[in-house]
Amino acid sequence: MEEASASPLFLAKLLYAGNAIVMLMYGIYFTLVAICLHYLYNKRSRNWLMLGYLIVSLLVTTVFLAASGKYTELILIESATNPLGIAKLSARLDLAQRAAYSVKIWLADALLIYRLWVVWLGSLMIIMFPCVLFVATIATGIAGVALYYEPNKVQPIVHLGVSFHSCSVALNVLVTVLIAGKLLYQRRLTKDLGEEHGRQYLSLLAVFAESGALYAIVGIIYIPLYATGNNMVLIFAALLEAASGIAPALILLRMALGVAVSRKTQASLSTLKFGNAADREKGFTHSTTTTTGQVSTVPSSHITYVDDNEHRSYSDDSGCGTGNSSSG
C-alpha cells in the first residue's frame, strides 16, 4: 500500500480532519432535509413516498454519523489507555458505519436512476445499463459487509470495496452525463428558439443539481486514492459520504419547491421542439409587432396583409394573393 510508512500522528490528524468534515457536512445535509420536509409536509397533496425517502435517508445518515464519531473517539482517545478493551467495540462501530454508508449509497443511486427515467421520459433503454450497475453496487456492498469478520479475507474485502465504489461512481458519472446532456441540449434548443418556457428548469445551476454531478466529481477523485491505499483517502472518504447525502438532497429540494424537471415539463419541451421545427419547415409562423411593441408569433393562416398604397387586405386563408379591395 502507498504511504504505508506514514507516522501514526499524521494518520490520526487525517482521521480527525475526516471526522470534522463529516460533522460539518451533516449540518448542511440536515438543513437541506429539514427544508425539504417542511415544504413537502405543508403541501396540499403530500408526496408520502418522498417524505419516507427523506426520513429513511436521514436516519441512515445519522446512524453513520454516530458510528463514525464514536469510532473516531475510540481510535484517537481511548485506544491510548485501553487498546485491547476497545477492539471489539471499534470493530462493531466500523461495521455499522460501513453498512450505513452502503445503504446511503444505494438510496442515492436509486434516486438518480429515477431522475434519469423522468428526464428521458420513461425510456427503459436509457436506464437499463445504470440499473445493471446498481445491482452490481448492491451485490458488492453486501458481499463486502458479509466478509468483514473474516480475518483472512482482507484483500478480497479491499477488492470488493474498489468494485463497490467503481460501480457506484460509474453509475453516477453515466447518469450525470445523460441527464446533463439532455438538459443542456434542451437549454440550447430553447435559447435558439427564443423561448422563455422551461428556462427555470434548464439553468446551469439546475443542470448541476439535477444531474447529481457533485457525487460523481468527488467519486472520480476518491476511487484511485482508495485503490492505491493513499492516506488522503481518509479526507475524500468523508467528502464522498457527504456528497452522497447532499447531492440527493439538492434534487429533492428542487422537487419540493416545484422547480425540478418533471415528466410534464419534459413533454412540453419536446412538444416545443417538434412544434417549432415543423412550423419553421412549413413556414406556418410569422413574427408580428403589436402596438405595444411586443413580438408575437401566430400562424400565417391568420395573418392579414395590408397594402397601404392600394388599401387592400389579403388573407392567407384563400391560398392565393386576392382578397377584398376598396379604392381610395
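Since this is a predicted model, take the numbers as computed values, not measurements.

S.K.: Tell me about the pattern of salt bridges, residues and numbers included.
M.R.: Side chains carrying opposite charge are able to pair once their charged atoms draw close together. Evaluated as defined, the whole model comprises 4 salt bridges. One salt bridge connects Lys70 with Glu73, and the closest N-O pair in it is separated by 3.4 Å. Of this pair, Lys70 and Glu73 are both found in helix α2 (residues 48-76), 3 residues apart, which corresponds to roughly one turn of the helix. You can call Glu73 partly exposed: its relative accessible area is 31%. Measuring nitrogen to oxygen at the nearest pair gives 3.2 Å for the salt bridge that ties Asp94 to Arg98. In this pair, Asp94 and Arg98 are both assigned in helix α3 (residues 87-119), 4 residues apart and thus about one turn of the helix distant. Judged by relative accessible area, Arg98 falls into the partly exposed class, the value being 38%. A cluster of three or more residues bridged by salt bridges with shared partners is formed by Lys70, Glu73 and Glu78.

S.K.: Explain the packing of α3 against helix α4 (residues 124-146) residue by residue, including any values.
M.R.: α4 packs onto α3 with a crossing angle of 175 degrees between their chain directions and a minimal axis gap of 10 Å. Here α3 lies roughly antiparallel to α4, going by the angle between them. Residues Leu95, Ala99, Ser102, Ile105, Trp106, Asp109, Ala110, Ile113, Leu116 and Trp117 of α3 lie in contact with α4, whose contacting residues are Ile126, Ile127, Pro130, Cys131, Phe134, Thr137, Ile138, Gly141, Ile142 and Val145. For the contact of α3 with α4, a count of residues per class yields 16 nonpolar, 3 polar and 1 charged.

Definitions and cut-offs
- Residues numbered from 1 in each chain as written.
- Predicted model: local features only at pLDDT ≥ 70, side-chain atom pairs only at ≥ 80, totals over all residues.
- Heavy atoms only, no water.
- Salt bridge = Lys/Arg side-chain N within 4 Å of Asp/Glu carboxyl O.
- Helix = DSSP H or I, 4+ residues; strand = E, 2+ residues; numbered from the N terminus.
- Buried < 20%, exposed > 50% of the residue type's maximum accessible area, 1.4 Å probe, protein only.
- Axes fitted to C-alpha atoms, helices over the stretch in contact; angles between N-to-C directions.
- Parallel < 35°, antiparallel > 145°, perpendicular 65-115°, else oblique.
- Contact = heavy atoms within 4.5 Å.
- Nonpolar A, V, L, I, M, F, W, Y, C, P; charged D, E, K, R; others polar.

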